[in-house]
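Below are the chains, spelled out letter by letter.
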Amino acid sequence: MRLRNVTGSREVIAESSYVIHEPQTRKGKWHEIFGNNHPIRIEIGMGKGRFIMDLARMNPDINYVGIEKYSSVLIRGIQKMEADPLPNLYFIRMDAEEITSIFDKGEVDRIYLNFSDPWPKDRHAKRRLPSREFLQRYNEILVPDGVIEFKTDNHDLFQFALEELEPAGWHLDRMTEDLHHDTEMMQGNVMTEYEERFSSLGNPIYKYIISR
């Protein structure tokens, strides 16, 4: 379960140079923020930041933006950046529903969704990050050949995500129901904190890659 209350986290975030403040004013200007024309990739629900920081470290010619809703979680990523600064990575504290007010049409190259909140109640389906409602939002900000990579240990959420593809107009490129025993899809796999924990318990990790 995510921590929800870390004293002083909002103040630390407000003062951090690793966080983009008032991100709505940066729409269409992300290449200016990074100072180059490298592809921009985002992780929605970055947690403590291990996944996106590892990617940024491995791929200096790609720009990354980590998005996290909870201050008490985002602060962990800030602490890691303070210990190991990366010039091609910034963070945003925001709700994912606002994503189209942050990035312009075709401004994002790839989207990562890792171990998202399953929102198990039916009435909350539209809040799930792989829902058709969110797929429409992603469609607005991705480049024409952009892709989404989604990983979860939640079987019901993964089945839901697969069922959302056709009505949303998306195409399933690749998928596995046991990532860590799929040699092809494990190539270049970067783990999150949750993934390491869940897989060590023997839980299968589900993954898909989709495009339009």
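This section reports on the structure supplied with the text. Remember, it's a predicted structure, so these values are computed and weren't measured experimentally.

Thoughts on the sheet that holds strand β4 (residues 108-114)
Right, on to step 1. What the seven strands build is an open sheet, ordered β3-β2-β1-β4-β5-β7-β6; its pairing is mixed. Looking at which strands have only one partner, the edges of the open sheet turn out to be β3 (89-93) and β6 (171-176). The sheet shows a mean angle of 15 degrees between the axes of neighbouring strands, direction not considered.
Right, on to step 2. Two elements, strand β2 (residues 63-68) and β3, share five bridges in a ladder whose sense is parallel. Opposite E68, over in β3, you have R93 as the bridge partner.
Right, on to step 3. Across the sheet, helix α4 (residues 71-83) touches β2 and β3, and the angle it forms with β3 is around 160 degrees.

Side note on helix α5 (residues 132-141)
Right, on to step 1. Within α5, burial applies to F134, L135, Y138 and I141. All buried residues of α5 lie within an arc of 120 degrees about the axis, which places them on one face of the element.
Right, on to step 2. In this structure, the buried side of α5 is in contact with β1 (40-44), β4, β5 (142-152), α6 (155-168) and β7 (206-211).

Quick notes on the pairing of β4
Right, on to step 1. Along β4, six of the seven residues are buried, which leaves the element largely enclosed by surrounding structure.
Right, on to step 2. Looking at chain direction, β1 and β4 are connected through four bridges and run parallel. Bridge pairing in β4 links E43 to Y112.
Right, on to step 3. Pairing geometry for β4 and β5, over six bridges, is parallel. Counterpart to V108 in the pairing with β5 is L142.
Right, on to step 4. Of the crossover connections in this fold, the one passing from β4 over α5 to the parallel β5 is right-handed.

Reading guide: rules and limits
- Residues numbered from 1 in each chain as written.
- Predicted model: local features only at pLDDT ≥ 70, side-chain atom pairs only at ≥ 80, totals over all residues.
- Heavy atoms only, no water.
- Pairing = 2+ DSSP bridges.
- Helix = DSSP H or I, 4+ residues; strand = E, 2+ residues; numbered from the N terminus.
- Axes fitted to C-alpha atoms, helices over the stretch in contact; angles between N-to-C directions.
- Contact = heavy atoms within 4.5 Å.
- Buried < 20%, exposed > 50% of the residue type's maximum accessible area, 1.4 Å probe, protein only.
- Arc of directions from axis to C-beta.
- Right-handed = clockwise from strand over helix to strand, strands pointing away.

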